[in-house]
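Here are the chains, one letter per residue:
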Amino acid sequence: MEIFRFNILVIIILSFTSTTAQELSPPIHNYSSFSYKAASQNWDIALDESGVIYVANNQGLLSFDGQRWELFDLENRAVIRSVLPHKGKIYTGSYREFGYWERDTRGDMCYTSLIPLLGEYELQSEEFWEIIAHKDAIYFRSFGAVYRYENDKITPVQRVNVNQMEIYKDRLVVATGDSGLFYLNNNGEMEPLPNQEVLKDGVIRELIVHGDELLIGLKDDIFLFDGEHIRRLVDKGLQEELQQYELNHVLSLSSGEILIGTLKNGIIQFNEDTGEIFSYNRWDGLQNNTVLAMAQNIGKIWLGLDNGIDVVDIYSPFRFFTDESGELGSVYDLNFKGDDLYLASNTGVFRMNDEKIELLEGAEGHSWNLEVHGGVMYSNHNNGTFKIVNDRFVPIDRRTGSFQILKNGNKRFFIGSYTGIDLFNENTGEVQRLKGIDFPVKQMLLENNSTLWVTDSYEGIYRVGLNSEGDSITSVKKISASTGVGKQEAELYRVNGQIVAFTSGEWYHYNPFTQNLELLSEWQEYEGKRLLGQDGKYFWFMDSEKNLLTVTNFKDDKILVTAGMLNKRTVKKNERLIKLNDSIYYITLHDGFARLNLNELKDFSSREFLSTPVVQKLYDGTNYYDLNIIPHIPSKQAREVTILTGLPVSDAVGMEYELVGNNTAAVRGEVQEGKIQFQNLPYDQYELRLTAVGSQQKASAFSAFRFVVDPPWYLKDYMKVLYLLSLLMLVVLIYYINKLKLQKHRKILKVRYQKEHEERMHKLEKEQLINEINMKRKELANSTVIAAKKNEVLMQIQGELNKDKAKFSNQYRLKHIMNKINNAVQNDDEWKVFETNFNELHEDFFRDLLSKFPNLSNRDLKLCAYLKMNLTSKEIAPLMGISVRGVEVHRYRLRKKINVDTSENLTNWLIANF
């Protein structure tokens, strides 16, 4: 099967484009009262400078920012009849009330009534149906009067029955009931327009500026005023339409094209130059045929209907046929024969002509394919293979269903069926099963007269050899590659003379030398995308998962067709593209089909307009934030932060966001219904970047919105300062404590040093004293010993003298010598010296001894002193001038006096106790 099927009849039928243009409708998007959550009737509709939609609804003021609908009602719940966005304010009019709305710093819409400015002036039972801006003033129109709002004052301009207002050539024009048209001056004076007799007594329903003229719309007629004369817009077909359906509103699309909103049949598009009339009504997809209001923006027409709001993209490169009855079902293929279009769907084969579809006789059931060969249309059907003759299904083979019919030579065809391949001879009508293949053959492709490629519905790709006659199979070889190709569904194509296969999401080409499929590296960019068609210049790739169609020439041109452009209605994984001519293509849908003008698509892609996203509101669980300053969100409230965004009406197909923090990783995502929610945001400074995404994956200059999540109280700046001060104080305290400790340590060291110094000095002094005492002891001992020796010698001399005293002739002289010796032995001077030295060593010895033993004599004290000196009796005797025996006796007596037991050494006792 060739990707695009041409035959001579289809090429000739270019006239079908014009005849079916009236049958196909542009993309229409419906907003029901359930989707915008307000009343069904919408009396007026307008757009502000940024592209936000405002609608006067039975329940209040509706706004649509491209993402969300919002409803704002008046305190008295009155019906709003008119709306005008102007310089940041939204003016509205209702019953005995008009005023304006403004968004406050938090994004809330607030209403200000202008009625108090009227003072004591009393309104009648008036409803304000129109609002218009002129110079620095705003005009409010009811059916009974016109009021001007200027410089914070309301002035009644004219009390007259007014149907319409318009600014024409910088002057305010009013239509007054059946009295005609007038210029209305600021002072309330009314000046009739010239030469308006042609209007007769017609009631004017619409006034708009159309090119350089003023268009005047009546119930069933249209006139144009050029400043001097009024002429009828002559077109018989248009007049017939208006007489039947009644004009209600008019939009000027260009200097030669208008759009008329009717009361009974939707909208009428009229081209003054060509006389072409296109009607779009409920049959074409509108929710209601009564058009109450119209507004336009970048080629999109917004309709306020008696039941709902619709958007019509009249300049879209797409046109749609939609079967509202549901009889048609999902379309799997379509083809042309003569002036008629045939559709193959899951419910049968239908013929379309004159805006109607009709099921062919006997064509009930699922049909996969429609082929035209030699002027005959064939259908591969779930019930077999058929040809269409005089709009009747004529069976070729009913044994089993089939997928494809492929011409092989003159009047011979291969039929890929549910059970194999059949050979059909059109001359004889004979159908012959080719032996060698017993699996479902979904697709066939002739490489040459002797080679046929086929795909199994589930198992892969086969290369089939044919005999020279092409009526029998000589070989069947499964074609695979190391990557496992051939294990799943596959599709075959002939591209630039090569056999190309798409399977398992990968693209391969057949290498006749290795006889294997090899990766087609040039098409790696299109992995996962089926090839719907190619005509030598452009290739059409379909990503069924993303519902994205890519048109490319592998060079400079690359055009994307999004799911939204096709109203998300393609038959997933069974999309079919049919080429009519170099510009017109058809795409099958699940409830009809779409017609695409490729030239218009290129033009649309080059002029695609993307609006700039905006942030409407920011709130957490409890608070809304001022958007005029950088919002600061408390850390506790950052558990759930919600940001409401808007994307004013444009050609954008979506909006993406990126949240970037100074210290946190970036978070990216797609905005859904204008709402972005973040949970548990850590404290940081954030920038929310919003990007409008176009159909061609182009992004507008993103808008950036900054906000801050404050740190918790214990991490705020003043707490950080407090922490720093505390740290400094702690450092100072530690320094002070250490200083005190150091001072104390120094003091302790000083005291210790002084103590050690004193101890050392005391020790030195003690040692010095000890040395002195030891010296004195030695001196005392030496002097005592000397004295003892001296006395001992004297006593020895005395003894010798006593022995030989008879020998001395001079006894007197001897006696004198003996006395001298006795005096020397008993010399008190020596004792005094001894006593003095002894007292220096043993200062309190005598005092303590006498205090305890007061009866001791001087000789007892002397003996005690000598004993204290640890002198022996032998050494004591000379000192005391007595014998050793005398010393012992004296000692004995002394022991008695001081009551010392005989078992105890007297010397030791004295040393120990005194």
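Within any chain, residue numbers begin from 1 and follow the written order of that chain's sequence. Only residues with pLDDT of at least 70 are given local features in this predicted model, and only at 80 or more are side-chain atom pairs given and counted; all residues enter the totals for whole chains, interfaces and linings. Side-chain measures were taken over the full set of non-hydrogen atoms in the model, leaving aside hydrogen atoms and water.

Caption draft 1: Main features of the sheet that holds strand 64 (residues 703-709). Two strands are counted as paired when DSSP detects at least two bridges linking them. Strands are runs of DSSP state E lasting at least two residues, helices are runs of H or I lasting at least four, and both sets are numbered from the N terminus onward. Taken together, the five strands give an open sheet; going across it, the order is 58-64-63-60-61, and neighbouring strands pair in mixed fashion. In this open sheet, the two strands that pair with only one neighbour each are strand 58 (632-633) and strand 61 (667-670). Bridge count between strand 60 (residues 654-661) and strand 63 (residues 684-693): eight bridges; the pairing is antiparallel. Bridge pairing links M655 to A692 in strand 63.

Caption draft 2: Expanded view of the sheet that holds strand 22 (residues 247-254). A sheet is described by the order of its strands in space; here four strands give the open sequence 22-23-24-25, paired in antiparallel fashion. Two strands lie at the open edges of the sheet, namely strand 22 and strand 25 (277-280), each paired on one side alone. Each strand axis lies, on average, 20° off the axis of its neighbour in the sheet, ignoring direction. Both strand 23 (residues 257-262) and strand 24 (residues 267-271) contribute to a ladder of five bridges, which runs antiparallel. Paired with I260 across the bridge in strand 24 is I268. For every element, the axis is a line fit to its C-alpha atoms; helices are fit only across the contacting stretch, and the angle between N-to-C directions ranges from 0 to 180 degrees.

Caption draft 3: Highlighting the packing of aromatic side chains. Stacked, edge-to-face and tilted labels apply to pairs of Phe, Tyr and Trp rings (six-membered ring for Trp) whose centres lie within 6.5 Å, assigned for plane angles under 30 degrees, over 60, and everything in between, in that order. Summed over the entire model, instances satisfying the criterion amount to 49 aromatic pairs. Consider the rings of F64 and W302, whose centres lie 5.9 Å apart with planes at 50°: the pair is tilted. Linking F64 in strand 4 (residues 60-64) with W302 in strand 27 (residues 300-305), this pair joins segments that are 238 residues apart in sequence. For every residue, the accessible area obtained with a 1.4 Å probe (protein chains only) is divided by the maximum for its type, and the residue is called buried under 20%, exposed over 50%, and partly exposed between those limits. Using a relative accessible area of 6% as the deciding quantity, one classes F64 as buried. A centroid spacing of 4.6 Å and a plane angle of 25° characterise the contact between F439 and Y462, whose relative ring orientation is stacked.

Caption draft 4: Expanded view of the nonpolar core. Residues L849, Y866, I876, L894, I898 and L910 are the most contacted members of the largest nonpolar core, which totals 28 residues. Counting residues per element, the ones that place at least two in this core are helix 8 (828-841), helix 9 (845-852), helix 10 (858-868), helix 11 (873-880), helix 12 (884-898) and helix 13 (906-913). It is helix 10 that contributes the most residues to this core, six residues altogether. Every residue in contact with L849, bar those within four places of it in the chain, is listed here: L856, L861, C864, L910 and F914. Among buried residues, the Ala, Val, Leu, Ile, Met, Phe, Trp, Tyr and Cys ones that are joined through side-chain atoms within 4.5 Å form a nonpolar core. Counting 23 residues, the second largest nonpolar core, distinct from the first, contains A638, V671, L681 and L690. Any two residues whose heavy atoms approach within 4.5 Å at even a single point are treated as in contact.

Caption draft 5: Representation of the packing of helix 10 against helix 11 within the structure. The contact between helix 10 and helix 11 brings their axes to 10 Å, and the two run at 140°. In terms of orientation, helix 10 and helix 11 fall into the oblique class. Helix-helix and strand crossings are classified by hand; for helix 10 and helix 11 the assignment is right-handed. On helix 11, the residues that touch R859, L863, Y866 and L867 of helix 10 are I876, L879 and M880. Side-chain classes follow a simple rule in which Ala, Val, Leu, Ile, Met, Phe, Trp, Tyr, Cys and Pro form the nonpolar group, Asp, Glu, Lys and Arg form the charged group, and the remainder, Gly included, forms the polar group. Residue composition of the contact of helix 10 with helix 11, grouped by class: six nonpolar, no polar and one charged. An angle counts as roughly parallel when it lies under 35 degrees, as roughly antiparallel when it exceeds 145, as roughly perpendicular when it falls between 65 and 115, and as oblique in every other case. Here a crossing is taken to be left-handed if its near helix is turned anticlockwise relative to the far helix by less than a right angle, and right-handed if that turn runs clockwise.

Caption draft 6: Seen up close, the pattern of salt bridges. Throughout this description, the term salt bridge denotes a Lys or Arg side-chain nitrogen within 4 Å of a carboxyl oxygen of Asp or Glu. Enumeration according to the criterion identifies 43 salt bridges in this entry. As a salt-bridge pair, E213 and R231 come within 3.2 Å of each other at their nearest N and O atoms. Of this pair, E213 sits in strand 19 (residues 213-218) while R231 is found in strand 21 (residues 230-232), placing the two residues 18 residues apart along the sequence. By relative accessible area, R231 is classed as partly exposed at 40%. One salt bridge in this structure joins K264 and E246, with 3.4 Å as the shortest N-O distance. Of this pair, K264 sits in the loop between strand 23 and strand 24 while E246 sits in the loop between helix 4 (236-245) and strand 22, and the two are 18 residues apart along the sequence.

Caption draft 7: Geometry of helix 10. The buried fraction of helix 10 amounts to eight of the 11 residues, a majority that puts the element mostly inside the structure. Of all the positions in helix 10, only D860, L861, L863, C864, A865, Y866, L867 and K868 are classed as buried. The positive-phi residue at the C-terminal boundary of helix 10 is N870, with phi of around 65°.

Caption draft 8: Summary view of unusual backbone geometry. Even without being a glycine, K87 presents a positive backbone phi close to 50°. Note on placement: K87 falls in the loop between strand 6 (80-86) and strand 7 (89-94). In this structure, D152 is a non-glycine residue whose phi angle is positive, near 60°. One can find D152 in the loop between strand 12 (146-150) and strand 13 (153-158). What makes D152 exposed here is its relative accessible area of 56%.

Caption draft 9: Quick peek at a nonpolar patch on the surface. Like charges are joined within 9 Å and nonpolar side chains (Val, Leu, Ile, Met, Phe, Trp, Tyr) within 5 Å, but only among residues with over 30% relative accessible area and no salt bridge; these make up the patches. In these tables, accessible area is a Shrake-Rupley quantity obtained with a 1.4 Å probe, and a residue counts as shielded only by the protein chains included in the view. A surface patch of nonpolar side chains, amounting to about 1,100 Å² of accessible area, comprises V721, L724, L725, L727, L728, L730, V731, L733, I734, Y736, I737 and L740. Assignment of secondary structure puts I737 in helix 6 (residues 717-803). Note on I737: relative accessible area 34%, which makes it partly exposed.

Caption draft 10: Quick look at the environment of F914. Along the chain, F914 turns up in the segment after helix 13. Overall, the relative accessible area of 17% leaves F914 in the buried class. When residues no more than four places from it in sequence are discounted, the contact partners of F914 are F845, D848, L849, K852, F853, K868 and W909.

Caption draft 11: Just helix 12, in detail. For a helix, the expected span equals 1.5 Å multiplied by the number of residues minus one. With 15 residues, helix 12 should reach 21 Å at 1.5 Å per residue; the first-to-last C-alpha distance of 21 Å fits that figure. Listed in full, the buried residues belonging to helix 12 are V887, H890, R891, L894, R895 and I898. Along the long axis of helix 12, the arc covered by the buried residues comes to 145°, so they all point the same way. Pointing more than 90 degrees away from the buried face of helix 12 are the exposed residues R885, R893 and K896. Turning to helix 12, the residues buried within the fold contact helix 10, helix 11 and helix 13. Phi turns positive, to about 60°, at N899, one or two residues after helix 12. This arc is taken over the directions from the axis of the helix to the C-beta atoms.

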